[in-house]
Amino acid sequence: MAAGNQIAPDPLAESGATHLTVVSNRGPVSFEHDESGELVARDGAGGLVSALRPLLAGSGATWVASAITEADREATARGWMTSDGLDLVTVASNPEDYAMAYDVISNGTLWFLHHHLFDLSRRPRIDARWWEAWEAYRVVNGLFANVIAERSPEGGTVLIQDYHLSLVGAALHERRDDLLTSHFSHTPFCSPEMLRVLPDPVARELLESLSAVGARGFHTRRWGDLFTRCTQSMRLPPVTTFASPLSPDVEHLKTMAGSAESLRARQWLDEQVGDRKVVLQVARAELSKNLLRGLSAFDLLLEEHPEWRERAVHVILANPSRQMLADYVAYQAELEHLVQLVNERWATSSWTPILMELSNDYPRSIAALGRYDVLLVNPLRDGLNLVAKEGPVVNERSGAVVLSREAGVWEELAGLAIEINPFDIAGTASAILSGLTMPEQERSERSEGIVHKVISRPAAKWLADQCLAATGKEESC
Ligand code: G6P
């Protein structure tokens, strides 16, 4: 890749970034074998990828990501390296190292840490296996730093994403201090008290690495402030943070909503729910998404408000996630069990109160977002939560959004969404009821207000903010 490539979206040009490298665990494409055994590329999964890909398409930027599967490794070895006007660089770590780093540290430790999810009487267990995994995490991060250091032109801008890559910043700084770097966290950041569960040298290494990049970004100021408090608690030198919330790509969402697959899925959903009201949850089957309490709240609503029996359906579209972790497997089983219990309690011959689908079906999720009357977004703690912004963009019924105040997106949507404390089941039930009974004009004004927020702060702005922060053009806050 030659230096001096121009970056397509205009706001990026303002930052003066001459060559952009985006770095994330999941990349814009993943590979698999089709029925005939041929290697084929598919769009990569996840909100981060779907937001970034359209922004970078055709820009000539480089995207560095993990080779996650065997097929990804095979593609890496064959040198399949361009897609959509992007240079793709995959980092193929040793599979055992990758598994330890991803399962034990990224997902089993850092995800739980930043989301305050540890069941502290049992986890984390800092034992020999954990230390082995920490070493693997360092190796995987170091490999990323090597690849970026080798490929980046002088003075290039490097935007590192998320908790899988917390140590890339320091390793890269050691190798190439000419590069302009930023690290963006898509998760919340833990409190200083929670940080204390990590061994001190590990906590220090994490914070020092995040301090070694040129700029640190979060979806809200709340998470950035926690980062600052963590550094203070460990007596590390102060560094600045910046806050910039991501928005979904409106055009992409609308195109998806009109696609044949989504229209088919919508027909399927209409057949399932008829003319009943829909209370919708769309999320990964993930502990922080709080699906269990959402179900209990709907159960309580049916108990206390019999007038809603037969008239509403709670639709849950849950995408199975991280099935290598025992906690996730157990959570999913508990979810299925609770759905069964609630259905047994209330179902009639013509109505099943909960409709849950456990699969990764993006067109169906978009179709369901078009049909909700109440969108329930009740995470325990969430870096942002894009669904709360995506829903109103494609919804056709001026549906209400019931939103956890613990989601990063709450900062933007306060006053437009209906606030809940996600731990409070009775409060969540009454918020769902408010959404179901809210006068149409109010629902519509609030929903339009959310769409306005999304449009006025497009995803390109989020990307540009990272470039500006990395290049030092914008004052960090
Ligand atoms: C969150 C993280 C992303 C991650 C996604 C899916 O949104 O911020 O970095 O890709 O979850 O998780 P997974 O483990 O499937 O990549």
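It is worth spelling out the site of the ligand at this point. In the vicinity of the ligand, the residues found are Arg26, Tyr102, Asn107, Trp111, Asp162, His164, His186, Arg284 and Arg322. One of the side-chain nitrogen or oxygen atoms of Asp162 is found 2.5 Å away from an oxygen atom of the ligand. Measuring from an oxygen atom of the ligand, one finds a side-chain N or O atom of Arg284 at 3.2 Å. Burial of the ligand by the surrounding chains reaches 82%, relative to a free accessible area of 370 Å². In terms of residue count, helix 4 (residues 95–114) provides more of the shell around the ligand than any other element does, three residues in total. Partitioned by chemical class, the residues of the shell around the ligand number two nonpolar, three polar and four charged.

Bringing the side chain of Thr181 into the picture now. Within the secondary structure, Thr181 sits in strand 8 (residues 180–185). Once you skip the residues sitting within four places of it in the chain, Thr181 turns out to touch Val158, Leu172, Val213, Gly214, Ala215 and Ala470.

So, about the state of the cysteines. Under the criterion given, the structure shown has zero disulfides. Free cysteine: Cys230, not disulfide-bonded; nearest cysteine sulfur from Cys190 at 4.1 Å. Since its relative accessible area comes to 0%, Cys230 is described here as buried.

For the chain, the assigned domains read domain 1 (2–247 + 459–470) and domain 2 (250–456). When each unit is reduced to the centre of its C-alpha atoms, the spacing between domain 1 and domain 2 is 29 Å. At the interface, 28 residues of domain 1 touch 22 residues of domain 2. Here domain 1 meets domain 2 over a buried area of about 2000 Å², counting both sides, of which 57% is carbon and sulfur. Interface area lost by domain 1 to domain 2 is led by Trp111, Arg222 and Ser247, which between them contribute 22%.

Right, let's talk about the sheet that holds strand 4 (residues 62–66) for a bit. Here we have eight strands laid out as an open sheet, ordered 5-6-4-1-7-8-9-10, and mixed in their pairing. Strand pairing shows two members of the sheet lacking a second neighbour, strand 5 (82–83) and strand 10 (242–243), which therefore form its edges. Alignment of strand 8 against strand 9 (residues 215–218), held across four bridges, turns out to be parallel. Bridge pairing in strand 9 places His183 opposite Arg216.

Moving on to the environment of Phe227. For Phe227, the position within the fold is in helix 9 (residues 221–233). Separated by eleven residues in sequence, Phe227 and Arg216 place their C-alpha atoms 9.3 Å apart. When neighbours within four sequence positions are excluded, Phe227 is seen to be in contact with Phe189, Leu207, Leu210, Ser211, Arg216, Phe218, Val239 and Thr241.

Criteria and cut-off values
Residues numbered from 1 in each chain as written. Predicted model: local features only at pLDDT ≥ 70, side-chain atom pairs only at ≥ 80, totals over all residues. Heavy atoms only, no water. Near = heavy atom within 4 Å. Polar contact = N/O pair within 3.5 Å; in protein donor to acceptor, adjacent residues only side chain to side chain. Areas by Shrake-Rupley, 256 points an atom, 1.4 Å probe, with all protein chains shown as cover. Helix = DSSP H or I, 4+ residues; strand = E, 2+ residues; numbered from the N terminus. Nonpolar A, V, L, I, M, F, W, Y, C, P; charged D, E, K, R; others polar. Contact = heavy atoms within 4.5 Å. Disulfide = S-S within 2.5 Å. Buried < 20%, exposed > 50% of the residue type's maximum accessible area, 1.4 Å probe, protein only. Domains from an automatic or database assignment. Buried area = accessible area lost by both parts, 1.4 Å probe. Pairing = 2+ DSSP bridges.

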